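Coordinate analysis (summary)
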Amino acid sequence: MNWSVKIVITNLAVWVFVFLCVGSTWFLVQAGSTTSTQAHGMSPLVVCVGSLAALLAAAILTVPFWIIFKRAGAHPALSILMLVPLLNLATLYWVALSKPKLASIQ
């Protein structure tokens, strides 16, 4: 499988995980409210679970891209840009369309 296809698949998998975390957090908040007049405040437990899920998603996203960019000949620190929603697409296209620096990837 081509390395740029691996990047796209990894990116899609992580964003699906993020959307599932956000959706489950929203569901927990909505399930906690019993009446329609009750304020929709988030409990500290939901905030902690959401924050831990976001940190886990960031780690899951950054580590594989670090390795893929390193193998592709790009600077591995570009993997941090994968955490920014629109900048990650620009980085993917920039790495995918740039000339590989390693002879084994052509």
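Residues numbered from 1 in each chain as written. Predicted model: local features only at pLDDT ≥ 70, side-chain atom pairs only at ≥ 80, totals over all residues. Heavy atoms only, no water.

**A few points about helix H2 (residues 44-72)**
To keep it simple, the criterion reads: Going along the chain from the N terminus, every DSSP run of H or I of four or more residues is numbered as a helix, and every run of E of two or more is numbered as a strand. Given the number of residues in a helix, its expected span is that number minus one, multiplied by 1.5 Å. Exposed residues in this analysis have more than 50% of their type's maximum accessible area, buried residues have under 20%, and partly exposed residues fall in between, with area computed by a 1.4 Å probe over protein chains only.
Compared with an ideal rise of 1.5 Å per residue, which puts 29 residues at 42 Å, H2 spans 42 Å between its outermost C-alpha atoms and is within 8% of the ideal. Looking only at H2, the buried set comprises Val46, Ala53, Ala57, Leu61, Thr62, Phe65, Ile68, Phe69 and Ala72. Taken from the residues just after H2, Gly73 is the one with a positive phi, measuring 95 degrees.

**Points about the nonpolar core**
Convention followed: For this analysis, a nonpolar core means a set of buried residues of the types Ala, Val, Leu, Ile, Met, Phe, Trp, Tyr and Cys, connected via side-chain atoms within 4.5 Å. Residue contacts follow a heavy-atom distance rule, with two residues in contact if any of their heavy atoms lie within 4.5 Å.
If you look at the biggest cluster of nonpolar residues, it comprises eleven residues: Ile7, Val14, Leu61, Phe65, Ile68, Phe69, Ala74, Leu78, Met82, Leu92 and Val95. Those elements giving two or more residues to this core turn out to be helix H1 (3-32), H2 and helix H3 (85-97). Looking at which element gives the most residues to this core, the answer is H2, with four residues. Excluding residues that lie within four positions of it along the chain, Leu92 makes contacts with Ile7, Asn11, Phe65 and Met82.

**Structural notes on H3**
Just so we agree on the cut-off: In this description, one arc is meant: the one made by directions from the helix axis to the C-beta atoms.
An ideal rise of 1.5 Å per residue puts 18 Å on 13 residues; H3 measures up with 19 Å between its terminal C-alpha atoms. If you check which residues of H3 are buried, you get Asn88, Thr91, Leu92 and Val95. Seen end-on, H3 carries its buried residues on one side only, within an arc spanning 105 degrees. Facing away from the buried side of H3 by over 90 degrees, the exposed positions are Leu86, Tyr93, Trp94 and Leu97.

**Brief notes about the confidence of the model for the protein**
Predicted coordinates in areas of low pLDDT are best not read in detail. For the record, the criterion: Values of pLDDT, which run from 0 to 100, indicate the predictor's confidence residue by residue.
On average, residues of the protein score 75 in pLDDT, and 76% of them reach the 70 mark or higher. Confidence, read as mean pLDDT per element, is least for H1 in the protein (72) and greatest for H3 (83).

**Here's the deal with the packing of aromatic side chains**
Going by this rule: Whether two aromatic rings pair depends on their centres lying within 6.5 Å, for rings of Phe, Tyr and Trp, where Trp uses its six-membered ring; planes under 30 degrees apart make the pair stacked, over 60 edge-to-face, and the rest tilted.
Per the counting criterion, the structure on display carries one aromatic pair. For the pair Phe65 and Phe69, a centre-to-centre distance of 5.9 Å together with 40 degrees between the ring planes defines the contact as tilted. Of this pair, Phe65 and Phe69 both sit in helix H2, four residues apart, which is roughly one turn of the helix. Accessibility assignment for this pair places Phe65 and Phe69 in one class, buried.

**Some remarks on the side chain of Thr62**
In this structure, Thr62 sits in helix H2. The class of Thr62 is buried, set by a relative accessible area of 17%. Once residues lying within four places of it in the same chain are set aside, the contact partners of Thr62 are Ser79, Ile80 and Leu83.

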